[in-house]
Amino acid sequence: MKGLTLHKIELEKAFDPASFEDRIYAQWQAQGAFQPQTGSGKAPFVMVIPPPNVTGVLHLGHGLNISLQDILIRFHRMTGRPVLWVPGTDHAGIATQLVVEKRLNAQGKNRKDLGRAAFVQETWKVKEEHHRIISRQIARMGASVDWSRERFTLDGGLSQAVREVFVSLYERNLLYKGNYLVNWCTSCGTALSDDEVEHEDRAGTMYHIRYPSRDAQGFVEVATTRPETILGDTAVAVHPEDPRYQDLIGKSLLLPLTDRLIPVVADTYVDRTFGTGAVKITPAHDPNDWEVAKRHGLPVIPILTTNGSLNNQVPEKYRGLSVQTAREAVLADLKAGGFFIKAVAITHAVGHCYRCRTVIEPFLSEQWFVRMQPLADKALAAWRKGELIFYPRKWENTYRHWLENIRDWCVSRQLWWGHRIPAWRCPSCGKTTVAREDPSACPHCGAETLEQDPDVLDTWFSSWLWPFSTLGWPEAAQAEETDLRRFYPTTALVTAYDIIFFWVSRMIMAGLEFTGTVPFRDIYIHGLLRDKQGRKMSKSLGNGLDPLELVDRFGADALKFTLAFLCAQGQDLLVDKESFKLGSKFANKIWNASRYILMHLENRLLVEHPRLNPVDTWIYARLNRAAQVITEAFLSYRFNDAAAAAYDYFWNDFCDWYVEATKVSIRTGEDTEKDRATTVLLEVLAESLRLLHPLLPFITEAIYEQLPNTQGLVMTASYPVYTEQRTAPDTEQHFALLQELVRMVRTLRSECTIPPEKKIPVLLRIGSGCAAGDFFKEHQELVRLLAGIGELHIEDPRPDRTRPSGSIGLVGSGFEVFVYIAEAVDMDLLKRTFTKTLEKDRGFIAGLTAKLANERFLKNAPPELVQGEQVKLAEALQRTEKLVSYMRDLVKDTPLQQSALDREPSP
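These numbers were taken from a predicted model, which means no experiment stands behind them.

**Student:** What is the right way to look at the nonpolar core in this model?
**Tutor:** Among soluble globular proteins, nonpolar side chains are generally buried collectively. Residues Phe650, Phe654, Phe776 and Ile821 are the most contacted members of the largest nonpolar core, which totals 161 residues. Excluding residues within four positions of it along the chain, Phe776 makes contact with Leu737, Leu738, Leu741, Leu764, Ile766, Cys770, Ile794 and Phe815. Listed in part, the 74 residues of the second largest apolar core include Leu388, Phe461, Trp466 and Val504.

Shown next as structure tokens:
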């Protein structure tokens, strides 16, 4: 390409991401760019996508998670590592079944009308419908996932993995079935694990009830928030050392509204300092009461059906009533019977189903459980040995606390959509068979009639196997040259903190139990998205944002870059629609800068090994520094730092300074100099696009393919690498001083409202210790161009330090600059303007000073408000000090009333 005669390249005048994003994504796919390229000898970088549920469309939380993963994947791909990002979706048992049941209800039907097989078939249709939408959303956001390896938690391979794990756990005595108290959702009609119950504080009532003694000579006062459960009480418990009840322990009480007698038992579970010190015991509907009942051999009387109505264990008048209706009826009867004492308003935590928000009922039911303690011990040991690293580290405490306090996991669900439990009961002998293959006969007695367990497994039972089941386990575990051998364990997991319990910890336990290693090393936990008021985004609040709507309005790159820019470790992200203008403006800046460069290529020649001038050396040093900062940020999952460094380099260093500086050569130089400068500019642009690509993939690819000095995709090009050879501390120092000079002149021009077309003269006096004296002299044309000035006179320092008449003097780092403003402005008008501004600022400073001296304000105001006022005061003082300096220069030239100058700025 060197020696090639160039022609101008016309990018569209208006930046329109919709005009190229779909085309470029299809191009990436067609060229196999998403698939891992082996042969580099480097360790692979592997991630599995947290599988979204096939229940609807992706929300912005998914957009954040997918964007962060894509940034990492693209960065590591460009470093030459084989990269694999496995996509997939989750069957989401309860959530998906609810979607289908709602559709049936709208038609006046329910799942039992269809039957199990037909219902499951309908659910597969919903899955396919939503899967198409989700896949399109993932692609629109630019995710470079390997679609050829896409998985689904109910596909054949994963179903085999689920069955293998279930049977293996059973064989290892880590899985059991029994009657236990579980969390029951009466709406979904299924048991839930403890982690699927969400507690929230609600206003409630504590009802105080009189339980008469058997001989009617006294009573015990108990309190409950659920008076309907009185009908399932089997005892009243008191503390064995409570003197109030010593004579009652072992005696009986009359259970209100029934003809039953219940004992008074002594148990240290009771807190004698709380309330009356007497607690009603309802073993079938309270987990603590269940434990008390086991210790004392109390009967267990369930009073609820699976749909939440009262059953035949209660007096006939209450049977079939809903919990709320029964509560009202029981309270009325308690009052009528003289058992009711009082009602006290309280606030208490109430458990809700994490999917449908129904209040959870503790419910006695036969379920399958995984023994978690042995698995948790291995997961804790792996973390303590440093095999796992959380980013940020604070989440290690959450992980440790949950594993140290773990309870057995209820894994059976009373649903039809999901992995059917591979267990069969024999009606003939009553024994249960758990098997990898469907049995044709009972292995215990030979009977040919078997009944498979009707329940399915918890959705998370397939999700906890995701890192290795997606790569072919268990079938691939014994084979050579498989994805499991090449890409497991994976490298990193990116997820939100709200599923550390549900998913992250369980994946680690499953990986250690079934593969002997942790499934990933790095665990990056990002924050949640909230609106500008700090509220979690939700449908009920109407504050959610659709990621595809944002893509349509701003482009996929704007979405990705903005989220990365705002994603600080350990913090939630506060966003609204307007937030994404940040990424859109940056993408627009990249487009316009590239368009300017490409439209000025006509008749230029690409030069072989172009010579670098000091400004070129400076931009390469800045690019080198940016590559170092961004690389370190990516490797430590500091997305906001990477985005900020990319933004600062391209907008400030490249566009505002370097591109402007090249105009000296490209506009006024000889042809050979123009060719040299153009070649270097194109090379810097190409490398800058590679630097930005992980954060803004579409626009960088769209521009990169237009450059005359590049080949292939930017996506698979090499990422810029920091090298010592490119460091240039002296040049950076000199250019920083030149920037200081230019900024000082620009600021003064603005403050004096000097129009851009006025090319005023400037005198620059270089101090004897100025490090950039020669640099200033060699780059006078550059200073004139960037500062927008006319003549530039440079002289050595004068002993008398005389200020030229008609100028304002400014002091820099080792130099003085005098700007001849008298030739460009009405001096009298400027003096009056400065005087008026100074008076206004002094009043502002006085008010702020008084405010910050007010102890009441300092004590009651939020710290961030106080800090903000302090910053305002410092800025105002700095501004007035500068104005006073300007005014003194003006006063020395002509007489002026000095009332504004006589006063010093307030401290």
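That covers the picture; the talk isn't over yet.
**Student:** What should I look at first to understand the sheet that holds strand 23 (residues 522–526) in this one?
**Tutor:** Backbone hydrogen bonds are what pair the strands of a sheet, in a parallel or an antiparallel way. Sheet architecture is open: three strands sit in the order 15-23-22, paired in parallel fashion. Two strands bound the open sheet, and with one partner strand each, they are strand 15 (389–391) and strand 22 (492–496). The sheet shows a mean angle of 20° between the axes of neighbouring strands, direction not considered. The pairing of strand 22 with strand 23 spans five bridges and is classified as parallel. Pairing of Ala492 across the sheet is with Asp522, part of strand 23.

**Student:** What am I meant to see in the pattern of salt bridges here?
**Tutor:** Between side chains of opposite charge, a pair can form as their charged atoms come close. Inspection of the entire model under this criterion finds 56 salt bridges. Among the salt bridges present, the one from Arg611 reaches Glu673, with a minimum N-O distance of 3.4 Å. Linking Arg611 in the loop between helix 17 (581–598) and helix 18 (614–635) with Glu673 in helix 20 (residues 671–692), this pair joins segments that are 62 residues apart in sequence. Since its relative accessible area comes to 18%, Glu673 is described here as buried. One salt bridge in this structure joins Asp641 and Arg638, with 2.6 Å as the shortest N-O distance.

**Student:** Explanation requested: unusual backbone geometry in the structure shown.
**Tutor:** Residues other than glycine predominantly adopt negative phi, and peptide bonds predominantly adopt the trans conformation. The step from Tyr391 to Pro392 runs through a cis peptide bond, and the omega angle for that step is -5°. Tracing the chain through its elements places Pro392 in the loop between strand 15 and helix 10 (395–404). Omega for the peptide link from Trp473 to Pro474 comes to 5°, which places this bond in the cis form. Within the element layout of this structure, Pro474 appears in the loop between helix 12 (466–469) and helix 13 (483–487). Of note, the phi angle at Asn173 is positive, near 60°, even though the residue is not glycine. In this structure, Asn173 sits in the loop between helix 6 (156–171) and strand 5 (175–185). Despite not being glycine, Asn603 has its phi angle at roughly 65°, a positive value. Along the chain, Asn603 falls in the loop between helix 17 and helix 18.

Thresholds applied
- Residues numbered from 1 in each chain as written.
- Predicted model: local features only at pLDDT ≥ 70, side-chain atom pairs only at ≥ 80, totals over all residues.
- Heavy atoms only, no water.
- Core = buried A, V, L, I, M, F, W, Y, C linked by side-chain atoms within 4.5 Å.
- Buried < 20%, exposed > 50% of the residue type's maximum accessible area, 1.4 Å probe, protein only.
- Contact = heavy atoms within 4.5 Å.
- Pairing = 2+ DSSP bridges.
- Helix = DSSP H or I, 4+ residues; strand = E, 2+ residues; numbered from the N terminus.
- Axes fitted to C-alpha atoms, helices over the stretch in contact; angles between N-to-C directions.
- Salt bridge = Lys/Arg side-chain N within 4 Å of Asp/Glu carboxyl O.

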